[in-house]
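# Secondary and tertiary structure notes
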Amino acid sequence: FEFTEGPAVCGEGNIYFTDIPNDRIHKCSAEGELSTFRENSGGANGLFFDSEGNLLACEGGNRRLISIDREGNVTVLADRFNEKKLNSPNDLWPDPKGGVYFTDPRYGNRDSMEQDGEYVFYLKPGYRELIRVIEDMVRPNGIIGTPDGKILYVADPGDNKTFRYSIQPD
């Protein structure tokens, strides 16, 4: 491996993780057997399983958030905001309501960046509406919420801080 990220555990106890430079998602079975789950992963970084058992992935290289079902079918959940390509989705957290929070920083070359900044987005339950929920970070990266869906934590290495947000009912 060159640079691993995004560990996520499925309901069967298998651990999935990304190797960004090698463009792969790997799987370590509950018994310890290592395999390649997906080649050409679009620069996948953060991973998380939703309540339906689908693997959600931030494909930074492809600039999108996807879902991979148990049969390996890929569905694009979000790739644009206000008709402009996302920067490079990095990390995500599906909340208990069925929505997904994700960070969208931009590392490396910024020439093709269409968004006017780096933000945290929320894809509402049903995966049909994308809203920008945090607009004042330098470079949002890691993100996680509490199991009850009341608190959201977001790391901003661009500002050398981690923020804690109370999630409101709306």
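Quick caveat: nothing in here was measured; it's all calculated off a predicted structure.

What follows deals with the pairing of strand S2 (residues 15–19). By the criterion of burial, S2 is predominantly enclosed, with 4 of the 5 residues buried. Across 4 bridges, the pairing between strand S1 (residues 4–9) and S2 is antiparallel. What sits directly across from Glu5, in S2, is Thr18. Count of turn residues in the S1/S2 antiparallel hairpin: 5 residues, of which Gly13 carries a positive phi of about 90°. With 5 bridges connecting them, S2 and strand S3 (residues 24–28) associate as antiparallel partners. Across the sheet, Thr18 pairs through a bridge with Ile25, a residue of S3. Taken together, S2 and the strand that follows it, S3, pair antiparallel across an intervening segment of 4 residues, in which Asp23 is found at a positive phi of about 55°.

Attention now goes to the sheet that holds strand S7 (residues 64–68). The 4 strands are arranged S5-S6-S7-S8 in an open sheet whose pairing can be described as antiparallel. Of all the strands in the sheet, just strand S5 (44–49) and strand S8 (74–78) have a single pairing partner and so form its edges. This sheet shows a mean twist of 25° between the axes of neighbouring strands, independent of strand direction. Pairing of S5 with strand S6 (residues 55–59), which is carried by 4 bridges, proceeds in the antiparallel orientation. When the sheet's bridge partners are listed, Phe48 is paired in S6 with Leu56.

The 3 strands are arranged S15-S16-S17 in an open sheet whose pairing can be described as antiparallel. The open sheet has two edge strands with one neighbour each: strand S15 (143–145) and strand S17 (161–166). Ignoring which end each strand starts from, the neighbouring axes of this sheet average 20° apart. Examined bridge by bridge, S15 and strand S16 (residues 151–156) share 3 bridges and lie antiparallel to one another. Within S16, the position partnered with Ile144 by the bridge is Tyr153.

What follows is about the packing of aromatic side chains. According to the stated counting rule, one finds 9 aromatic pairs in the structure shown. With 5.2 Å between their ring centres and 70° between their planes, Tyr16 and Phe49 make a pair best called edge-to-face. You can see Tyr16 sitting in strand S2 and its partner Phe49 sitting in strand S5, a full 33 residues away along the chain. Comparing Tyr16 with Phe49 shows no difference in burial state: the two are buried. Where Phe163 meets Tyr165, the ring centres are 6.3 Å apart and the plane angle is 35°; that geometry is what we call tilted. In this structure Phe163 comes out as partly exposed when scored by relative accessible area, which is 27%. Taking relative accessible area as the criterion, Tyr165 reaches 25% and is therefore assigned partly exposed. Connected via pairs of aromatic rings, a cluster forms that spans Phe81, Phe102, Tyr119 and Phe121. For Arg132, the ring lying beneath its charged end belongs to Tyr119, and the centroid distance is 4.0 Å. Sitting over the face of the ring of Tyr107, Arg139 holds its NZ or CZ atom 5.2 Å from the ring centroid.

About the thresholds
Each residue is numbered by its place in its chain's sequence as written, counting from 1. Side-chain atom pairs in this predicted model are given and counted only at pLDDT of 80 or more, local residue features only at pLDDT of at least 70, and totals for whole chains, interfaces and linings cover all residues. Note that water and hydrogens are dropped before the side-chain values are worked out from all heavy atoms of the structure. Note on classification: 1.4 Å probe, protein chains only; a residue is buried when its accessible area is under 20% of the maximum for its type, exposed when over 50%, partly exposed between these limits. Put simply, DSSP marks the helices as runs of H or I at least four residues long and the strands as runs of E at least two long, and each gets a number from the N terminus on. Here, a strand pair is defined by DSSP locating no fewer than two bridges between the strands. Only the contacting stretch of a helix is used when fitting its axis, a line to C-alpha atoms as for every element, and angles between N-to-C directions run 0 to 180 degrees. Any two rings among Phe, Tyr and Trp, with Trp reduced to its six-membered ring, count as a pair given centres within 6.5 Å; such a pair is stacked if its planes are under 30 degrees apart, edge-to-face if over 60, and tilted if neither. A ring is considered to have a charge above it if a Lys NZ or an Arg CZ atom is located within 6 Å of its centre and within 35 degrees of its normal.

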